[in-house]
Amino acid sequence: MEHKGPKKSRADRGQVETFTLELSGVEFDGEPDATGGEMLRLRTSLGDIRCRLHRAERNAGKAVTWMFGAGGGLGGPAGGIYERLGSQLCRRGVTSLQVDYRHPAHLQRCILDILAAVSFLEGFDLALPGGTVLVGHSFGGSVAISAGAIHPGVAGVAALSSQTFGTERGSQISPRPLLLIHGEADEVLPDDCSRDIYRRALEPKELILYRDCRHGLDQCVPELDRDITAWIERVLRVQPATTSLPAGSARSAPQFGTRYALSAVG
């Protein structure tokens, strides 16, 4: 699988450089832990992408891909919401993949990482085409919006405490749903950021604001868990699975080959 994307050179803003990311394999690091989480690395031509996977107990072809802010890493804001909800959703038929960027804060390369992650989920039969939602926080909100606009396998996008830079493609999420969540007491990125993204986006779209909640969303954990879970349930139509994909398909040989051309940002 190859993903191609241009970016503007810092030396010459008038030139656009095209770079390619190719997913060549997947390496699992050890056995699942007590929560069912597995560490893995997506092997690419531009370096490894570190991820944490919670496989659905009943594989219904539905998945969530989570991404953090400009500092990268796993776990998520609000006391580790990605890990917390991922370990819960896998028991309800939804696979969860947390992605740690190769180059945190580099928008174009982070978008490529998420495109590769979604293709991994589909290639390993962990998600059906159109069966993945993206959830990103802060800088990761713009990554989620950009990747969601590009990848046809994305069913919806949720951006938490998002920045506005890199969200120019927000209107291209439609007709898929876009959820924006922000704390009104955000000390890093004001809630005007999500309000602006909301104004530019097309339906279906939803904006949720939490009073007295700051950038990390630690002051509104119960509400955030409730609202994100309800949105994922609604978008992916989560319900008790009556059918499953073939057992063991998650480790079958994937078939890749999709290419993407990304517009330079900034």
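Shown above is the structure to which this text applies.
Computed from a prediction, not measured in an experiment: that's the story for all the values here.

**Student:** Would you take a moment to explain the overall build of the protein for this structure?
**Tutor:** Scanning the protein from N- to C-terminus turns up five helices and 10 strands. For the protein, buried positions account for 54% of its 266 residues. Long-range pairs, those at least 24 residues apart, make up 66% of the contacts in the protein between residues at least 6 apart in sequence. Entry remark: accessible area of the protein is about 11,000 Å², with carbon and sulfur atoms responsible for 48%.

**Student:** Got a minute to help me understand the nonpolar core in this structure?
**Tutor:** Within soluble globular proteins, side chains that are nonpolar tend to cluster in buried spots. Formed by 43 residues in total, the largest nonpolar core has its most connected members in Leu97, Ile114, Phe120, Leu134 and Val143. The biggest single contributor to this core is helix 2 (residues 107–123), with 11 residues. When sequence neighbours within four positions are dropped, the list of residues in contact with Leu97 reads Leu40, Cys51, Arg52, Leu53, Val64, Thr65, Trp66, Ala117, Phe120 and Leu121. Ranked by size, the runner-up nonpolar core spans 27 residues in total, among them Leu85, Leu89, Tyr210 and Trp231.

**Student:** Just to check I follow, could you spell out the pairing of strand 7 (residues 132–137) for this structure?
**Tutor:** For a regular strand, side chains alternate in direction, first toward one face of the sheet and then toward the other. Where burial is concerned, most of strand 7 is hidden: six out of the six residues are buried. Burial of the side chains of strand 7 extends over both faces: Thr132, Leu134 and Gly136 are buried on one face and Val133, Val135 and His137 on the other. Where strand 5 (residues 62–67) meets strand 7, five bridges bridge the pair, whose relative direction is parallel. Note on strand 7: the bridge partner recorded for Ala63 is Thr132. For strand 7 and strand 8 (residues 154–160), the ladder comprises six bridges, and the chain directions are parallel.

**Student:** Honestly, the packing of helix 2 against helix 3 (residues 139–150) in this entry has me stumped. Any pointers?
**Tutor:** When two helices pack together, you describe them by how their axes are tilted relative to each other and by the distance separating the axes. Where helix 2 meets helix 3, the axes come as close as 9 Å, and the angle between the chain directions of the two elements is 55°. Comparing the axis directions of helix 2 and helix 3 gives the class oblique. For the crossing formed where helix 2 meets helix 3, the hand is right-handed. Every residue of helix 3 that contacts helix 2 at Leu107, Cys110, Ile111, Ile114 and Leu115 is listed here: Phe139, Ser142, Val143, Ser146, Ala147 and Ile150. Residue composition of the contact of helix 2 with helix 3, by class: nine nonpolar, two polar and no charged.

**Student:** Looking at this model, I keep getting lost on the packing of aromatic side chains. Mind explaining?
**Tutor:** Aromatic rings considered in pairs are described by the distance between their centres and by the relative angle of their planes. Going through the model one piece at a time under the given rule, you end up with four aromatic pairs. Relative to Tyr82, the ring of Phe68 has its centre 6.0 Å away and its plane inclined at 65°; by these criteria the two rings are edge-to-face. Linking Phe68 in the loop between strand 5 and helix 1 (77–89) with Tyr82 in helix 1, this pair joins segments that are 14 residues apart in sequence. In this structure Tyr82 comes out as buried when scored by relative accessible area, which is 2%. Look at Tyr101 and Phe139: their rings are 5.8 Å apart centre to centre, the planes differ by 90°, and that puts the pair in the edge-to-face class. Of this pair, Tyr101 sits in the loop between strand 6 (94–100) and helix 2 while Phe139 sits in helix 3, and the two are 38 residues apart along the sequence. Accessibility expressed as a relative area gives 4% for Tyr101, which makes it buried.

**Student:** Help me out: how do you make sense of helix 3 in this one?
**Tutor:** Because the α-helix completes a turn every 3.6 residues, residues three or four places apart line up on one side. Along its 12 residues, helix 3 runs 17 Å from first to last C-alpha, staying within 8% of the 16 Å computed at 1.5 Å per residue. Extensive coverage of helix 3 is indicated by the burial of 12 of its 12 residues. Buried within helix 3 are the following residues: Phe139, Gly140, Gly141, Ser142, Val143, Ala144, Ile145, Ser146, Ala147, Gly148, Ala149 and Ile150. Taken together, the buried residues of helix 3 touch strand 5, helix 2, strand 7, strand 8, strand 9 (178–183) and helix 4 (192–200).

**Student:** Help me understand the state of the cysteines in this model?
**Tutor:** As used in these notes, a disulfide is a covalent bond between sulfur atoms, one from each of two cysteines. Within this structure, the stated rule accounts for one disulfide. There is a disulfide in this structure between Cys213 and Cys220, and the S-S distance comes to 2.2 Å. Measuring handedness by torsion sign, the sulfur bridge of Cys213 and Cys220 sits at about -60° and is left-handed. Residue classification places Cys213 among the buried residues on the basis of a relative accessible area of 0%.

What counts and how
Residues numbered from 1 in each chain as written. Predicted model: local features only at pLDDT ≥ 70, side-chain atom pairs only at ≥ 80, totals over all residues. Heavy atoms only, no water. Helix = DSSP H or I, 4+ residues; strand = E, 2+ residues; numbered from the N terminus. Buried < 20%, exposed > 50% of the residue type's maximum accessible area, 1.4 Å probe, protein only. Contact = heavy atoms within 4.5 Å. Areas by Shrake-Rupley, 256 points an atom, 1.4 Å probe, with all protein chains shown as cover. Core = buried A, V, L, I, M, F, W, Y, C linked by side-chain atoms within 4.5 Å. Pairing = 2+ DSSP bridges. Axes fitted to C-alpha atoms, helices over the stretch in contact; angles between N-to-C directions. Parallel < 35°, antiparallel > 145°, perpendicular 65-115°, else oblique. Left-handed = near helix turned anticlockwise from the far one by under 90°. Nonpolar A, V, L, I, M, F, W, Y, C, P; charged D, E, K, R; others polar. Phe/Tyr/Trp six-rings, centres within 6.5 Å; stacked < 30°, edge-to-face > 60°. Expected span 1.5 Å × (residues − 1). Disulfide = S-S within 2.5 Å.

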